Amino acid sequence: MANVCVIGAQWGDEGKGKVVDWLASRADVVVRFQGGHNAGHTLVVGDQTYKLSLLPSGLVRGKLGIIGNGVVIDPEALLGEIDRVSAQGLTVTPATLRIAENAALILPLHPALDRAREAARGEARIGTTGRGIGPAYEDKVARRAIRVCDLAEPETLSAKLDELLLHHNTLLRGLGAEPFTKDTLLAQLQSVAPRLLPFSEPVWERLADMRRAGRRILFEGAQAVMLDVDHGTYPFVTSSNTVAATAAAGAGIGPAAIGFVLGIAKAYTTRVGAGPFPTELHDATGHLLGERGHEFGTVTGRPRRCGWFDAALVRQAVKVGGIAGLALTKLDVLDGLPELKLCTGYRIGGTVLRHVPAGKAAQAAAVPQYEAIEGWMGSTRGARSWADLPAQAIKYVRRIEELVEAPVTLLSTSPERDDTILVRDPFEG
Ligand code: GDP
Ligand code: IMO
Ligand code: MG
């Protein structure tokens, strides 16, 4: 029995939350391994809608959730989210949620720096979520981060904050933003410590035990391969690795434990924030996809940019992300469109490429090469078996499989948990 790792195969918001929630019924534990509260995962269960940013999506099924060391944690955001979902009836206690003691924290100076830098960039901004993700990862790599375990060593916090403030206040002042005082930060850390520490432990030990006992682990990725700091459309990316390989380092488990890698892709493409998007539609069809797909960012409320399915991009995500099967979501949004387009590569000057070029200028210059495919008039909305799908919708899925060189192992046909068609059980490997 394999473990499963779910990752985004485009630029995020593919429906990872829905798929993780659906798969979680057969998992014993769900593990977040990278990103932070820049993620927004929406789960629709009957008349309840859950919006999760840091909490693993399995909590909605009552499954144990683990926040791995690769995640950057904003304590206020986490505690706020716990309060919010608790008010919706979920149980989040140290019995249902464990947090890696060696995960780095996001402090108020991180979003402040994130926003000040974005403002200074002006037109050249990345369009970050403004939540301090980049600055927090920078501090982790620079070895000056405050981690969950540091809350248990209050006598060390003052010196650690001195080091952080030396760096951040210099930058903040230079950018014309308000500097922070040590007292404010210290008070915040002291106030969250008693609530956060009961969740903290060496999660690698628990995961090793569960693995030895044959428990099923479901790794829940955030963001997506094209937002990966190495493999994405740099510099318009997030600040973590989002590929499946990260699940091992970001949870504290060996790579063999990752198991089946399920890539999630929408049946079209969206992107929030700035950066290249070759198949973006600025016309009525793009508008229609946005309206029908309710394409507004969960975290920032920004309208998502919409466009045709980019098979060249997903093929690349399949290769670098180690994707063994795809879950194709939001097929229903394409219902009734007379003709669809699939991008098979890009023309840049006189050359045609089958992959996203690495350079920023080349990415911006990439002109998509399309093949057209007939749409379908019937409805796929809510379909729960292949037999419910119009023949042309099946042809569309089959063509995607050929172009991206991976099988579609799961189809999603509405936001609802059970409107899902299983082709191959990823837990069977
Ligand atoms: P994530 O970040 O990858 O978890 O995706 P988000 O939750 O940010 O965005 C996906 C949105 O699409 C959510 O509002 C989901 O409820 C919704 N969704 C997921 N699957 C489907 C589907 O098959 N059809 C439709 N119409 N909506 C879906
Ligand atoms: P989920 O998990 C879509 C984008 C931001 C911005 C870039 C960098 O819901 O799929 P950051 O705040 O991470 O430094 O912003 O990455 N971004 C996302 N886009 N879905 C997400 O997460 C995202 N997380 C970050 O919009 O372009
Ligand atoms: Mg999202």
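Residues numbered from 1 in each chain as written. Chains lettered and ligands numbered in written order. Predicted model: local features only at pLDDT ≥ 70, side-chain atom pairs only at ≥ 80, totals over all residues. Heavy atoms only, no water.

Peer 1: Pulling in residues and values, what's your account of the side chain of Thr269?
Peer 2: Along the chain, the position of Thr269 falls in strand S12 (residues 269-271). Polar contacts involving the side chain of Thr269 include one to the main-chain carbonyl oxygen of Trp308, which spans 2.6 Å. Ignoring anything within four residues of it in the chain, the contact list for Thr269 reads Gln10, Trp11, Phe277, Thr279, Arg305, Cys306, Gly307, Trp308, Phe309 and Asp310. (Helix = DSSP H or I, 4+ residues; strand = E, 2+ residues; numbered from the N terminus. Polar contact = N/O pair within 3.5 Å; in protein donor to acceptor, adjacent residues only side chain to side chain. Contact = heavy atoms within 4.5 Å.)

Peer 1: An account of unusual backbone geometry is requested, with residue identities and associated values reported.
Peer 2: The omega torsion of the bond from Tyr234 to Pro235 falls at 5°, within 30 degrees of zero and hence cis. Relative to the elements of secondary structure, Pro235 occurs in the loop between strand S10 (217-220) and helix H8 (246-251). In this structure, Gln223 is a non-glycine residue whose phi angle is positive, near 55°. Mapped onto the fold, Gln223 is located in the loop between S10 and H8. By relative accessible area, which is 8% here, Gln223 ends up buried. Its identity as a non-glycine residue notwithstanding, His294 has a phi of 50°, on the positive side. (Buried < 20%, exposed > 50% of the residue type's maximum accessible area, 1.4 Å probe, protein only.)

Peer 1: Tell me about the domain arrangement of the protein, residues and numbers included.
Peer 2: Considered domain by domain, the protein is made up of domain 1 (4-102 + 200-260), domain 2 (104-196) and domain 3 (266-428). Placing the centre of domain 1 and that of domain 3 at their C-alpha centroids yields a distance of 23 Å. When domain 1 packs against domain 3, the two sides together hide about 3600 Å² of surface, and 64% of this comes from carbon and sulfur. When the buried surface of domain 1 facing domain 3 is broken down by residue, Trp11, Lys18 and Phe260 rank first, second and third, together holding 22% of it. Applying the counting criterion to the domain 1 and domain 3 interface returns 3 salt bridges. With a shortest N-O distance of 3.0 Å, Arg304 and Asp13 are connected by a salt bridge. Taken together, the links from domain 1 to domain 3 amount to 16 residue pairs in polar contact (both at pLDDT 80 or more). Contributing elements (two or more residues each) for the side of domain 1 that touches domain 3: strand S1 (4-8), helix H1 (16-24), strand S3 (41-45) and S10. Among the elements that take part in the side of domain 1 that touches domain 3, H1 stands out by supplying 5 residues, more than any other. Here the residues of the side of domain 1 that touches domain 3 are counted per class, giving 23 nonpolar, 11 polar and 8 charged. (Domains from an automatic or database assignment. Buried area = accessible area lost by both parts, 1.4 Å probe. Salt bridge = Lys/Arg side-chain N within 4 Å of Asp/Glu carboxyl O. Nonpolar A, V, L, I, M, F, W, Y, C, P; charged D, E, K, R; others polar.)

Peer 1: Provide a residue-level description of the coordination of the magnesium ion (ligand 3), including the pertinent values.
Peer 2: For the magnesium ion (ligand 3), the protein coordination sphere consists of Asp13 (OD) and Gly40 (O), at 2.0 to 2.1 Å. Here the residue Asp13 occupies a position in the loop between S1 and H1, and Gly40 occupies one in the loop between strand S2 (29-32) and S3, the gap between them amounting to 27 residues. Classification of Gly40 as buried rests on a relative accessible area of 12%. (Donors = N, O, S within 2.8 Å, 3.2 Å for Na, K, Ca; no water.)

Peer 1: With reference to specific residues and values, describe the site of ligand 2.
Peer 2: Around ligand 2, a shell composed of 20 residues is seen, among which Asp13, Lys16, His41, Thr129 and Thr238 lie nearest. In this structure, Thr129 approaches ligand 2 through a side-chain N or O atom, which is 2.6 Å from an oxygen atom. Gln223 has a polar backbone atom sitting 2.9 Å from an oxygen atom of ligand 2. Taken by itself ligand 2 offers 550 Å² of open surface, and the protein chains cover 97% of this. Considered class by class, the residues forming the shell around ligand 2 number 7 nonpolar, 10 polar and 3 charged. (Near = heavy atom within 4 Å. Areas by Shrake-Rupley, 256 points an atom, 1.4 Å probe, with all protein chains shown as cover.)

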